[in-house]
Every structure is written in structure tokens, then in C-alpha cells.
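Summary of structural features
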Amino acid sequence: EMKKNCLFEDYPKLEGSTVALLKEAERQGINYEIIDEEHCFVKLSKGKRTEYVVQATKTSRDTYVFPYLVNDKEFTKQLLRTKKLNVPDGIVIEKDMLAKDINHEILKYAGKPVVIKPRTTNCGVGITVFKDKASETEIKNAVKYAFKFDDNVLIEEYAEGKEYRFVIINNKCISVVHRRNASVVGDGKKTIHELIIEKNKEPWHEILKRQIQIDEPLKIYLKGQNLSLNSIPKEGERVFLRKNSNCCTGGESIDVTEIMPDYFKKIAIKATKAFGAKICGVDILIDDMNKHKYSIVEVNDNPGIGINEWPYEGKGEKIGLEILKLLKFID
């Protein structure tokens, strides 16, 4: 069933988001042509109407400059602040600052939970998260690591909460998913290693290429819980394997669109409007849905809508359909 929904037999390189859009186009009687499979570059046409789309969410409706604005994490925060929206507090460190100045800035954050990331980054590259207090040395090493990816690095206070991805299309909140960090659930018999191998064979993880990578960060994260790949979790016990919740490293999406309060949906729409965007993903940390506390950690010009259309848990929302409406193929 999943294979039928999420794959095009003839175009195996297309990623999930584009497949979601094209399957919807097929259902709506809209013609499509795949111009470049590798880059998910497609042409949609019906009657006299033609639109070119890249990776399902890059369309003629958004400005050329929008991706550049959100790619700059510090600018994004500044703009959101001017709209009275909550973002994590933090500072920017530049590579050519004097070592003593860098150390002076780092000291302000020593002993606090912090996040260190390159000023421009995607898919969680170069990011280090300290949920507990970070020592001066730990922050220094994380900053050094982040400098490999950018000459500017952000040190931010770690914001508590679960991460939610809001997808906004044409100023409407269409879908919200909780991105749960990569995890396995024990059966009392199998090791964590065996459970990962089993999980990676599940259709959702295999077909959407959302596999859990067994790498150094994963082993370190287990070690921090006094576990290893050979540990055997109890039946029904969920063991988390990574700090980050990116689905590209095995995280899972859970559809919470219907239970997410309107208050937060409006926040996500307001953030999207700050950039004048028509298709946008907004990542918000929320600790308690009943309280009006939140922190916007990212605005995304190219949200992978596959995880919203076909979530790991929950019914999913028709994002492809909304994009076709935005492009005026459907009234």
C-alpha cells in the first residue's frame, strides 16, 4: 500500500515530497512532465496553464530571495523578533574575532544548556545540542566544529519542548506534525542494534529513505544513557537514539494537526507572513500545548512535505492538493 502511494516505479530518484505532488496531480487530471529526476524538477500543465516546480515546494509563488533570508539563522531571528515572536536568545561569533573575545562570549554560556550551530545550515549539519549544562571546553569544541561549516556561528540558549513542524500554504496552516527523535521500542528479546535493523526495514523508513544511521553520535547518545547497541530494552520501553529530531536521520512524524491549538497555528502563520512566503515550514518548540509558551527555532523555505502527507503515525494531510490550489490548477 505504502509502495503504491509513495513511489513512482519509473522514477526511483524522486523524493517523497515530489511524489506526493505528482500523485495528487494525477488524481486531479493535471499533466506532468519530469524534466530532471535527480533535482525533482517538474512541469505541470493543464489547458493553457503551465507551472514549473522544484522539490514540490519551490514555485513561482515565492520570491527568489526568500530562501536566502531563511538560510541566515541570525537574520531570521532578528526579523521574527521585530514581529514580537519568540525565538531563542543567543549571540553570533565570527571566525576572525580574537580568541580572547571568542572565549569571553563563550564564558557567558558556560554552565547553561545551549545549542551551537553554523549561521547557515540545513538538515541539522554542524549542530551540537547540550540539553544539560555545557562546560566551557564543550562549548569551545562545538564552536570549532561549527566553524567547519560557516565563518559565523550561533550560540543559543537551549529551549525546552517538543519539536513541531507547521506547514503553511497560502496563509493557512495545513498540517502540523511532531517530529519524534529516532527511537526503537523494546520487546525484551532483541538488542538495540537488532531493533534498528528491523525498524529500517519498515516501509515508512525504507521507502521514504528515513533510515536510522548507526554512527558515532548515536553511540555517544546511547552511552549517555548507560546503554550500547548490545543492550536489550524491556518490552514496550522506548529508547531514543539521537538528540536531533530530523527525519533524514531516522526521526518520525506524528500528525497532530487536529489537536494543535489555534494559538500556535496563528504564530506559525505570522512567522510565514513576516517573510511574505506562500509555502513555508515553521519549526516550533512547545513544552505544553495548554500554555502560551513557545520558541521558533527555524523557518524553512523548502519543507519536506512527504512527512506531513504520509506521517509515520496519524492520518496525514493533503499538502500536494494545497500546492495545486495555490498554483491555481484547482479552484
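Because the structure is predicted, anything quoted here is derived from the model rather than measured.

A few points about the packing of aromatic side chains
The final tally for this structure, using the stated rule, is nine aromatic pairs. Measuring from ring centre to ring centre gives 6.2 Å for Phe 41 and Tyr 52, while their planes differ by 50°; the resulting arrangement is tilted. Residue Phe 41 is located in strand S2 (residues 41-46), and its partner Tyr 52 is located in strand S3 (residues 49-54); the two are separated by 11 residues in the primary sequence. Here Tyr 263 and Phe 264 contribute two aromatic rings whose centre-to-centre distance is 5.1 Å and whose plane-to-plane angle is 80°, an arrangement assigned as edge-to-face. Classification of Tyr 263 by relative accessible area gives partly exposed; the value is 29%. Judged by relative accessible area, Phe 264 falls into the buried class, the value being 0%. The positively charged end of Lys 23 is found above the aromatic ring belonging to Phe 8, 4.6 Å away from the centroid. Above the plane of the ring of Tyr 109 lies Lys 112, whose end atom (NZ or CZ) is 5.5 Å from the centre.

Digging into unusual backbone geometry
Note: most residues except glycine have negative phi, and most peptide bonds are trans. The phi torsion at Lys 84 lies on the positive side, around 60°, for a residue other than glycine. Its identity is not glycine, yet Lys 209 carries a phi of approximately 55°, on the positive side. With respect to the element layout, Lys 209 can be found in the loop between helix H8 (203-207) and helix H9 (216-223).

Focus: the pattern of salt bridges
Tallied over the full model, the rule gives 25 salt bridges. Asp 101 is the salt-bridge partner of Lys 100, the closest N and O atoms lying 3.7 Å from each other. Given a relative accessible area of 59%, Lys 100 falls into the exposed group. Overall, the relative accessible area of 33% leaves Asp 101 in the partly exposed class.

About the criteria used
- Residues numbered from 1 in each chain as written.
- Predicted model: local features only at pLDDT ≥ 70, side-chain atom pairs only at ≥ 80, totals over all residues.
- Heavy atoms only, no water.
- Phe/Tyr/Trp six-rings, centres within 6.5 Å; stacked < 30°, edge-to-face > 60°.
- Helix = DSSP H or I, 4+ residues; strand = E, 2+ residues; numbered from the N terminus.
- Buried < 20%, exposed > 50% of the residue type's maximum accessible area, 1.4 Å probe, protein only.
- Lys NZ or Arg CZ within 6 Å of the ring centre and 35° of its normal.
- Salt bridge = Lys/Arg side-chain N within 4 Å of Asp/Glu carboxyl O.

Nothing here speaks to function; it is all geometry.
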